[in-house]
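# Examining the three-dimensional arrangement
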Amino acid sequence: MKAKIIFLLAVMIFTLSGCGQNSDDGKLKIVTSFYPMYIDAINIAGNVEGVEVVNLTEPQTGCLHDYQLTTEDMKTLETADIFIVNGLGMENFLDKVTEQRKNLKIVNASDSDKIFTVKDGDEVNPHVWMSITYSMEQVKAITSQLCALDPAHAEVYRKNALEYVNKLTTLRDEMHLMLDILPNKNIVTFHEAFPYFAAEFKLNIAGVIEREPGTEPTPQELSDTIKIVNELPVKVLFTEPQYSPKAAETIARETGAKIFTLDPITTGESKIENADAYVNAMKKNAQTLTEALGN
């Protein structure tokens, strides 16, 4: 009878906490799929006592289009209580994770009826965090789900999220002041990471250098992009720090275009003190666009 009571108490504790605590130090372990989700998570939960936030993929990993989970990744997930993902097809390895960790709690950051997606052909473009408005919706979605899974820390999650959303609101306002007045609105981006960003700041994506990042454009695609650039009043190209600029350099030689860098914020150091990484990268993107398109 005594053993049965102890067992029932253990079940109650597990249920009230929302999830188990699998990490060796007894902390609730939150794992994020890649860098944008990590930045959101450390702003919401990074300073919460008894909670650990870990980023899964390596800092040099760009978008997760073709990412394959490593043995180390699976070891990390074995001790995870909660896995925060962007969703929208970004994490093509998610089925494998849920197959092997059936009890792992999944938090879908894009589970919001206020996020309206765009498509690349038949596929949803998953780069919604590049809209500051949608980034805020992701923060809210993560917070709501974390509070449900871990009600013991719900109050501090909500407080942290509100502070971060306020910071993102200020960022969005500042960037509108910088970008809304630009005389030129046409941009040629490196890959399809910027439709949500462009929509937010009323920019026009006139062309894309590489449809699939890391895959060289075909001669016809290069020719088409060269034609587009030659017709622009301001000839500029935007590469990304995560990928080789080789194709952009070829187009620049043919058109005389200047090359600038826009960061889709998919990489960075996974450290708690980098909580402002998204804000700082967005500010730098705004400065780059002002320099490139302001003449």
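Just above sits the structure.
The notes below deal with the structure included here.

Thresholds, definitions, all that
Residues numbered from 1 in each chain as written. Predicted model: local features only at pLDDT ≥ 70, side-chain atom pairs only at ≥ 80, totals over all residues. Heavy atoms only, no water. Helix = DSSP H or I, 4+ residues; strand = E, 2+ residues; numbered from the N terminus. Buried < 20%, exposed > 50% of the residue type's maximum accessible area, 1.4 Å probe, protein only. Contact = heavy atoms within 4.5 Å. Areas by Shrake-Rupley, 256 points an atom, 1.4 Å probe, with all protein chains shown as cover. Pairing = 2+ DSSP bridges. 1 Å grid on protein atoms, 1.4 Å probe; cavity = no way out; pocket = protein on both sides within 12 Å on 5 of 7 lines; lining within 4 Å. Points joined across faces, edges and corners; volume = space filled by probe spheres on them. Nonpolar A, V, L, I, M, F, W, Y, C, P; charged D, E, K, R; others polar. Patch = residues over 30% accessible without salt bridge, like charges linked within 9 Å, V, L, I, M, F, W, Y side chains within 5 Å. Salt bridge = Lys/Arg side-chain N within 4 Å of Asp/Glu carboxyl O. Lys, Arg positive; Asp, Glu negative; His and termini not counted. Charge placed at Lys NZ, Arg CZ, Asp CG, Glu CD. Axes fitted to C-alpha atoms, helices over the stretch in contact; angles between N-to-C directions. Phe/Tyr/Trp six-rings, centres within 6.5 Å; stacked < 30°, edge-to-face > 60°. Parallel < 35°, antiparallel > 145°, perpendicular 65-115°, else oblique.

### Observations regarding the overall build of the protein chain
A tally of helices and strands in the protein chain yields 10 helices and 10 strands. Looking at the protein chain as a whole, 52% of its 295 residues are labelled buried. Excluding contacts between residues fewer than 6 apart, the proportion of contacts in the protein chain whose partners are at least 24 apart in sequence is 66%. By element, 52% of the accessible surface of the protein chain is carried by carbon and sulfur atoms, the whole surface being about 14,500 Å².

### Side note on the pairing of strand 3 (residues 82-85)
A regular strand places its side chains on the two faces of the sheet in alternate fashion. Because side chains alternate across strand 3, one face comprises the buried residues I82 and I84, and the other comprises F83 and V85, equally buried. Here strand 1 (residues 28-32) pairs with strand 3 via three bridges, running parallel. Note on strand 3: the bridge partner recorded for I30 is I82. In the sheet, strand 3 pairs with strand 4 (residues 105-108) via four bridges, with the strands oriented parallel. The partner of I82 across the bridge, within strand 4, is K105.

### Comments concerning the layout of surface pockets
Of the voids in this model, the largest pocket is the one considered here, and its volume is about 320 Å³. Lining the largest pocket are 15 residues, with H65, D120, E123, P126 and E212 sitting closest to its centre. In the lining of the largest pocket, the residues fall into five nonpolar, four polar and six charged. There is about 160 Å³ of room inside the second largest pocket. If you go around the second largest pocket, the residues you meet are I42, N43, G46, N47, N160, E163, Y164, K167, I272 and A275.

### Notes on a negative patch on the surface
Together, D66, D120, D122, E123 and E212 make up a region of like negative charge exposed at the surface. Counting through the fold element by element, D66 comes out in the loop between strand 2 (51-55) and helix 3 (71-78). For D66, a relative accessible area of 62% puts it in the exposed group.

### Quick look at the sheet that holds strand 4
Pairing is parallel across the open sheet formed by four strands, whose spatial order is 2-1-3-4. Both edges of this open sheet fall to strand 2 and strand 4, since each of them pairs with a single strand only. Each neighbouring strand pair of the sheet contributes to a mean axis angle of 25°, computed without reference to strand direction. This element, helix 2 (residues 35-45), spans strand 1, strand 2 and strand 3 of the sheet and lies at about 165° to strand 2. Contacting strand 1, strand 3 and strand 4, helix 5 (residues 132-149) runs over the sheet at an angle of about 155° to strand 4.

### With respect to the packing of aromatic side chains
Each aromatic ring pair is specified by the distance between its two centres and by the angle formed by the two planes. According to the stated counting rule, one finds eight aromatic pairs in the structure shown. Ring centres of Y67 and F93 lie 6.0 Å apart, and the angle between their planes is 65°; on these two criteria the pair is classed as edge-to-face. On the criterion of sequence distance, the pair formed by Y67 in the loop between strand 2 and helix 3 and F93 in the loop between strand 3 and helix 4 (94-100) is long-range, its members being 26 residues apart. A relative accessible area of 5% means that F93 is categorised as buried. Their ring planes at 15° and their centres at 5.7 Å tell us that F190 and Y243 sit as a pair that is stacked. Taken as a pair, F190 in the loop between strand 7 (186-189) and helix 7 (195-200) and Y243 in the loop between strand 9 (236-239) and helix 9 (246-255) lie far apart in primary sequence, 53 residues in all. Among the aromatic side chains, those forming a connected cluster through ring pairs are F194, F197 and F201.

### Observations concerning empty space enclosed by the protein
Taken as a whole and assessed by the stated rule, the structure comprises one cavity of 30 Å³ or more. When its volume is computed, the largest cavity comes out at roughly 30 Å³. The wall of the largest cavity is formed by P36, I39, D40, W129, S135, Q138 and Y278. For the lining of the largest cavity, the elements supplying multiple residues, two or more each, are helix 2 and helix 5. Take the lining of the largest cavity: its biggest share by element is three residues, from helix 2. Here the residues of the lining of the largest cavity sort into four nonpolar, two polar and one charged.

### Focus: the pairing of strand 9
What you see with strand 9 is no split at all: V236 and F238 on one side and L237 and T239 on the other are buried throughout. In terms of strand pairing, strand 9 meets strand 10 (residues 258-261) through four bridges, oriented parallel. Paired with L237 across the two strands is I259, which belongs to strand 10.

### Comments concerning the packing of helix 2 against helix 6 (residues 154-179)
Each pair of packed helices gets described by two things: the angle between the helix axes and the distance between those axes. Between helix 2 and helix 6, whose axes approach to 7 Å, the crossing angle comes to 120°. With respect to each other, helix 2 and helix 6 are oriented oblique. Packed against helix 2, whose contacting residues are I39, D40, N43, I44 and A45, the element helix 6 presents V156, Y157, N160, A161 and Y164 at the interface. The class makeup of the residues in the contact of helix 2 with helix 6 is seven nonpolar, two polar and one charged.

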